[in-house]
Amino acid sequence: MPGLPPKITDTSRPFWEALDRDEVVLQQCSTCHRLIFYPRIHCPHCYSQNLTWTRVAEQPVLLTWAKSEMPVSPIYSHLAPITLIVADYAGAHVPSTLIDTPQDRVKIGMRLEPAFDRDSYEGFTLLRFRAG
Ligand SMILES: [Zn+2]
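We now turn to the structure provided with this report. (Residues numbered from 1 in each chain as written. Predicted model: local features only at pLDDT ≥ 70, side-chain atom pairs only at ≥ 80, totals over all residues. Heavy atoms only, no water.)

Another point: the sheet that holds strand β2 (residues 35–36). Taken in spatial order, the 3 strands make up an open sheet running β2-β1-β3, and their pairing is antiparallel. At either end of the open sheet lies a strand with only one pairing partner, and these are β2 and β3 (51–55). Pairing of strand β1 (residues 25–29) with β3 involves 5 bridges; the strand directions are antiparallel. When the bridges of β3 are listed, V25 appears paired with R55. Packing against the sheet, helix α1 (residues 13–20) makes contact with β1 and β3, and its axis sits at approximately 145° to β1. (Pairing = 2+ DSSP bridges. Helix = DSSP H or I, 4+ residues; strand = E, 2+ residues; numbered from the N terminus. Contact = heavy atoms within 4.5 Å. Axes fitted to C-alpha atoms, helices over the stretch in contact; angles between N-to-C directions.)

This paragraph deals with the coordination of the zinc ion. Taken together, C29 (SG), C32 (SG), C43 (SG) and C46 (SG) make up the protein donors of the zinc ion, found 2.3 to 2.4 Å from the metal. For the zinc ion, the 4 donor atoms in the first shell make angles of 101 to 120° at the metal, so the coordination geometry reads as tetrahedral. Taken in sequence order, the residues that donate to the zinc ion follow the motif C-x2-C-x10-C-x2-C. With C29 in strand β1 and C43 in the loop between β2 and β3, the pair connects residues that are 14 residues apart, well separated along the chain. Residue classification places C29 among the buried residues on the basis of a relative accessible area of 1%. Relative accessible area serves as the criterion here: at 0%, C43 is assigned to the buried category. (Donors = N, O, S within 2.8 Å, 3.2 Å for Na, K, Ca; no water. Tetrahedral: all angles 85-135°; square planar, octahedral: opposite > 155°, others 65-115°. Buried < 20%, exposed > 50% of the residue type's maximum accessible area, 1.4 Å probe, protein only.)

Another aspect to go through is the nonpolar core. Ranked by internal contacts, the top residues of the largest apolar core, which has 24 residues, are L26, Y89, V94, L112 and F129. Looking at this core element by element, the count peaks at 4 residues for strand β8 (residues 126–131). (Core = buried A, V, L, I, M, F, W, Y, C linked by side-chain atoms within 4.5 Å.)

Remember that the coordinates give geometry; whether it matters functionally is a separate question.
Encoded structure:
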């Protein structure tokens, strides 16, 4: 198993468990109603600790992307080149990678669909995206 597996905490556990069910859940602030990513114990917008988990069924859009020819570490060299992205779920920005999408189709604002990757790390489901 190459690379480093995700570190799951009590705070992030619902996110990872949802990926195992082919679902994306994000925290939502009950005070200002914004979606939040990454999982945390308070809202980064209004500092409320009144957060709930909500399933997001809508397709996110591509906020930004970059093609990386060099891996961030030699342990990821088998993945290069890789398309690094930020998926925008109504203001919640989820960093990830784009798969199964030719580079000439990549456009800022394009719809994305989640891809649930169970192959990269045994015992973990990673959230990647492809063109939606
Ligand atoms: Zn808030």
